[in-house]
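Descriptive analysis of the structure
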Amino acid sequence: MQRRFLFPLLISSLCLATAAAAQTPTLRVLTHGSFDLPKEQLAQFEQDAGVKLQIVKAGDAGEMVNKLILTRAKPIADVVFGIDNTLLPRAQAAGVLESYSGPASGRASVVSMAEGVVPVDYGYVNLNIDKAWFAQRGLALPTSLADLTKPAYAKLLVVQNPATSSPGQAFLLATIAGLGEPAAFEWWAQMRRNGVKVVKGWSEAYYTEFTRNGGTRPIVVSYASSPAAEVFYSKDKVTESPTANLFLKGGVYRQVEGVALVKGAPTASREAAGRFVEFLRSAPVQQSLQTTMWMFPAESGAPRVDVMRQHAAEPATFDALATALTEQQAKTWLRRWTQVVLK
């Protein structure tokens, strides 16, 4: 008798499970390609919020913002993470963000962003060098950006295109902030003559062109936390990083990443989107992102993990531009950079 009812009962259970899954709302999260958090943390968020996460990775942060703007008539996401202070003016001008005013927006933070955008993490865009490459050739490390224009450093640097890459744009802004606009573009012109290589995004620059990964360029635009990542992921469990930071005048920019609601997304997703904002500023995530996305936590008082504390130095100084100036001049600078470096 029990066997006769087992199959119908199984079918009924499967139908109920399928129906429950179909009723679970989806929260669409647009991110850059470097977004990475532990699966168990994301699963816990889904359980707590009663949603299914749909993570949409859109390449480099610059590409992500471009996609957000191109789809503003029919938004492809409910919340967006990874917009940084170099790209925020572009997103604001396009009107693709909606202000968030939940608890995380009012809590103390190490860094700040425009009102309504909640900072999640921050880092420093600067030059990284392959220590072994320089040691083997007996070539002194450059001590200024001007050194990189000399024949001895020809064809050694790879940078990201600022039109498609947030670290690329940050580095361009660093040169303008540190050298002044006329001198910065003259430096870029000299670097073109000295063989600077331009690629689309950070991954291509670091994992394809950088000599540490089989490329031909021993100097790369990357992050102050990259040496810590080299130690963390080393197969031989090294205690000293094979790479080092160069904190040169005009070559350091503080990048702040934030999370924001997407304007025009369905009203029904707003509560879950707000919960995701709070999730990114929670203590567990602020710890995890240090060794997944290799950024410093924005939450005031958040402890540093050991590898970041030991191998990810913060520069004593960095160059910055007024937000208003960046908003006014960003497009002009990008066009000028393209003309000077690529055309």
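Before any of the text, the structure's been laid out above.
All of the points below concern the structure found in this document. Residue positions are given per chain, counting from 1 as you read along its sequence in written order. Reporting of local features is limited, given that this is a predicted model, to residues whose pLDDT is at least 70; pairs of side-chain atoms are given and counted only at 80 or more, and all residues count toward the totals for whole chains, interfaces and linings. The basis for every side-chain value is the complete set of non-hydrogen atoms in the structure, without hydrogens or water.

A few points about the nonpolar core
Convention followed: Side-chain atoms within 4.5 Å link the members of a nonpolar core, which is a set of buried Ala, Val, Leu, Ile, Met, Phe, Trp, Tyr and Cys residues. Classification of residues uses two cut-offs on accessible area relative to the type maximum, computed with a 1.4 Å probe and protein chains only: under 20% is buried, over 50% is exposed, and between them is partly exposed. Here a residue-residue contact requires only that any non-hydrogen atoms of the pair lie within 4.5 Å.
If you look at the biggest cluster of nonpolar residues, it comprises 68 residues, and the most contacted ones within it are Leu27, Leu37, Leu127, Leu148, Leu157, Phe276 and Leu280. Ignoring sequence-local partners within four residues, the contact set of Leu37 consists of Leu42, Phe279, Leu280, Val285, Ser288, Leu289, Thr292 and Met293. Counting 36 residues, the second largest nonpolar core, distinct from the first, contains Ala58, Ala77, Met113 and Val256.

With respect to unusual backbone geometry
Note the threshold: Each helix is a run of H or I in the DSSP string that is no shorter than four residues. Each strand is a run of E no shorter than two, and both are numbered from the N terminus.
Positive phi outside glycine occurs at Lys237, with the angle close to 55 degrees. Relative to the helices and strands, Lys237 is located in the loop between α10 (226-233) and β9 (243-246). Positive phi values are uncommon outside glycine, yet Trp294 reaches one of about 60 degrees. Examined against the element boundaries, Trp294 turns out to sit in the loop between α12 (283-288) and β11 (296-297).

Considering the packing of helix α8 (residues 181-193) against helix α14 (residues 323-341)
Quick note on the threshold: To define axes, lines are fitted to C-alpha atoms, for helices over the stretch in contact only, and angles between the resulting N-to-C directions are given on a 0 to 180 degree scale. Reported orientations rely on four angle classes, namely roughly parallel under 35 degrees, roughly antiparallel over 145, roughly perpendicular from 65 to 115, and oblique for the rest. Handedness of a crossing follows from how the near helix is turned relative to the far one, being left-handed for an anticlockwise turn of less than a right angle and right-handed for a clockwise one.
Put simply, α8 and α14 touch, their axes get as near as 9 Å, and they point 30 degrees apart. With respect to α14, the element α8 is oriented roughly parallel. In terms of crossing hand, the pair formed by α8 and α14 is right-handed. For the pair α8 and α14, the contacting residues are Glu181, Phe185, Trp188, Ala189 and Arg192 in the first and Gln329, Trp333, Arg336, Trp337, Gln339, Val340 and Val341 in the second.

Points about the pattern of salt bridges
Selection criterion: Think of a salt bridge as a Lys or Arg side-chain nitrogen and an Asp or Glu carboxyl oxygen that are within 4 Å of each other.
Applying the stated criterion across every chain yields a total of 16 salt bridges. Notably, a salt bridge pairs Glu230 with Arg212, separated by 3.2 Å at the nearest N-O pair. Linking Glu230 in helix α10 with Arg212 in the loop between α9 (202-209) and β8 (219-223), this pair joins segments that are 18 residues apart in sequence. What emerges from the salt-bridge pattern is a single network uniting Arg107, Glu278, Arg281 and Glu299.

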